[in-house]
Amino acid sequence: MAGAECVFWLVPPDPRAASVEAGYVDFARPACTALQRHGVKRVGGVSALGRGLSSKAGYVTASLAMDDLIASTGVAYRALAMPSFMDNLLRQVDAIVAAHPGMHGIALDVADPRAIDAFAGRVREQFPTLNVLFNNAGISRQEDLATDTLAVARSIIETNIVSVLHLTTALLTLLKEQPHATVLATTSGLAFMPRASYPTYCASKAFLHSWLQSLRRQLCDTSVEVLELIPPYVQTELIGPAQATDPRAVPLAKYIADVMPRLGASANEILVEEARELRWAEKTGIYGALFAARNARSDGPDRG
Ligand SMILES: NC(=O)c1ccc[n+]([C@@H]2O[C@H](COP(=O)([O-])OP(=O)(O)OC[C@H]3O[C@@H](n4cnc5c(N)ncnc54)[C@H](OP(=O)(O)O)[C@@H]3O)[C@@H](O)[C@H]2O)c1
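Residues numbered from 1 in each chain as written. Predicted model: local features only at pLDDT ≥ 70, side-chain atom pairs only at ≥ 80, totals over all residues.

A. Quick look at the site of the ligand. Around the ligand lies a shell of 19 residues, among which A137, G138, S188, T236 and L238 are the nearest. Residues belonging to the shell around the ligand are distributed by class as follows: nine nonpolar, eight polar and two charged. (Near = placed C-beta within 6 Å. Nonpolar A, V, L, I, M, F, W, Y, C, P; charged D, E, K, R; others polar.)

This is the structure we're talking about:
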C-alpha cells in the first residue's frame with residue numbers, strides 16, 4: 001500500500017477460512033496495520049445491510065465487524081452496504097451437513113437430464129426409504145416477446161417444468177414403495193394471474209399447477225400425496241438482489257413461519273394469506289381489474 005492515498009477493499013470468498021469472522025475480520029487485520037503504516041487516507045469497501053441485527057447473523061455480522069475494524073484505524077471509510085453476498089452456498093454444503101447429523105447433500109443441476117437420471121439412481125441406491133420429493137428449484141426472467149430470442153424461454157421451461165416432470169417420474173416408483181410419501185412442488189401466485197413482463201415464468205407455474213392436479217388424480221389410490229406450494233412475492237433473490245429488501249415482498253422469515261404449520265395440514269394447496277388474492281381472483285370476480293392494475297405501466301418496477 002506504499003504510496004496509495006485511496007484503497008478499494010473487497011474481501012474474496014475463502015472456502016478454507018476457519019469461520020466467517022476469520023474470513024472477514026482476521027483477513028482484514030494485516031491490511032489495517034498496513035493502512036496505518038502507509039498513511040492511507042481513504043478506504044472504500046463492500047459489506048452488508050443489517051447493522052442492528054442479532055450478533056449471530058453470519059456474513060452480515062462478520063462483514064460489519066470488519067467495517068468497524070477498518071474504521072477504527074482512523075482512515076475515512078465508506079462501505080457499500082449490499083443486500084447479499086457473492087458467495088456460493090454449494091461450497092457450504094459439507095459444513096451444513098456436518099452440523100446436522102442425518103442430513104445428506106448431493107449437488108444436482110436440474111437442467112441437465114443426464115444428471116437427473118444419475119441422481120435418481122444414486123438416491124434409489126443410497127436412500128431406499130426416501131419418502132419426500134420437494135421440487136423447489138426455479139428461475140424467473142423478464143422477457144420482451146417482440147425482441148428476445150427463445151433462449152430465455154427455453155431455459156425457464158427446462159428448469160421450471162421439464163426438470164420437475166423428469167425428477168418426479170424418475171423417483172415415483174421408489175416413492176410408491178413407501179407406506180406414506182409426498183411430492184411437493186413450488187408454483188406461484190403468478191400461476192393464477194400472469195405478470196406480462198414475465199410471460200414464460202408465469203406460464204411455467206400455471207403448467208405445474210395443472211400438471212400437479214393430474215398427478216394427484218393418477219396417484220389417488222397410492223400412498224403418495226401431491227402438494228402444491230403457492231408463494232406470494234417473497235424477499236428472496238429470485239429476480240435479483242434488490243428483491244431481498246423490496247418492501248412489497250413478504251419477509252422471508254415471516255413466509256417460512258406461515259408455511260411451516262400449513263405443511264402438516266390436509267390441504268392439497270399450501271397457500272399463505274398474501275397469495276390468496278391472486279389464487280382466487282377469478283373466482284371472486286376481481287381478475288380483470290386486478291390484472292389491469294398489476295400490469296399497468298405505472299405499477300412501479302417489475303416484480304416476479
Ligand atoms: N421469491 C418469490 O417471490 C417467489 C414467488 C413465487 C414462487 N417462487 C418460487 O419459489 C422457488 C424458490 O425460489 P426462491 O424465491 O427461493 O429463489 P432463489 O433463492 O433464487 O432459489 C431458487 C433456487 O433454485 C435453484 N436452481 C435454479 N436453477 C437450478 C438448476 N438448474 N439446478 C439446481 N438448482 C437450481 C437455485 O440454486 P442456485 O442458487 O445454486 O442457482 C436456488 O437455490 C422457485 O421455484 C420460485 O419460482 C418464488
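B. Representation of the sheet that holds strand 5 (residues 181-186). As summarised here, the arrangement of the four strands in space is 4-5-6-7, forming an open sheet in which the pairing is parallel. Two strands lie at the open edges of the sheet, namely strand 4 (132-135) and strand 7 (269-271), each paired on one side alone. On average, each strand axis in the sheet is tilted by 20° relative to the strand beside it, whichever way the strands run. Lying over the sheet, helix 6 (residues 199-218) contacts strand 5 and strand 6 (224-230), oriented at roughly 160° with respect to strand 6. (Pairing = 2+ DSSP bridges. Helix = DSSP H or I, 4+ residues; strand = E, 2+ residues; numbered from the N terminus. Axes fitted to C-alpha atoms, helices over the stretch in contact; angles between N-to-C directions. Contact = placed C-beta atoms within 7 Å.)

C. Here's a closer look at the pairing of strand 4. Taking every second residue as pointing to the same face, the buried face of strand 4 carries L133 and N135, while none of V132 and F134 on the other face is buried. Judged from the four bridges that link them, strand 4 and strand 5 form a sheet pairing that is parallel. Along strand 5, the bridge assignment pairs N135 with A185. One crossover worth recording links strand 4 to the parallel strand 5 by way of helix 5 (residues 151-176), and it is right-handed. (Buried ≥ 20, exposed ≤ 12 C-beta atoms within 10 Å, placed from the backbone. Right-handed = clockwise from strand over helix to strand, strands pointing away.)

D. Region of the structure containing the pairing of strand 1 (residues 6-9). As defined by bridge partners, strand 1 adjoins strand 2 (residues 42-48) across four bridges and the pair is classed as parallel. Across the sheet, the residue bridging to V7 is V43, located in strand 2. For the crossover that starts at strand 1, traverses helix 1 (residues 20-37) and ends in the parallel strand 2, the hand is right-handed.

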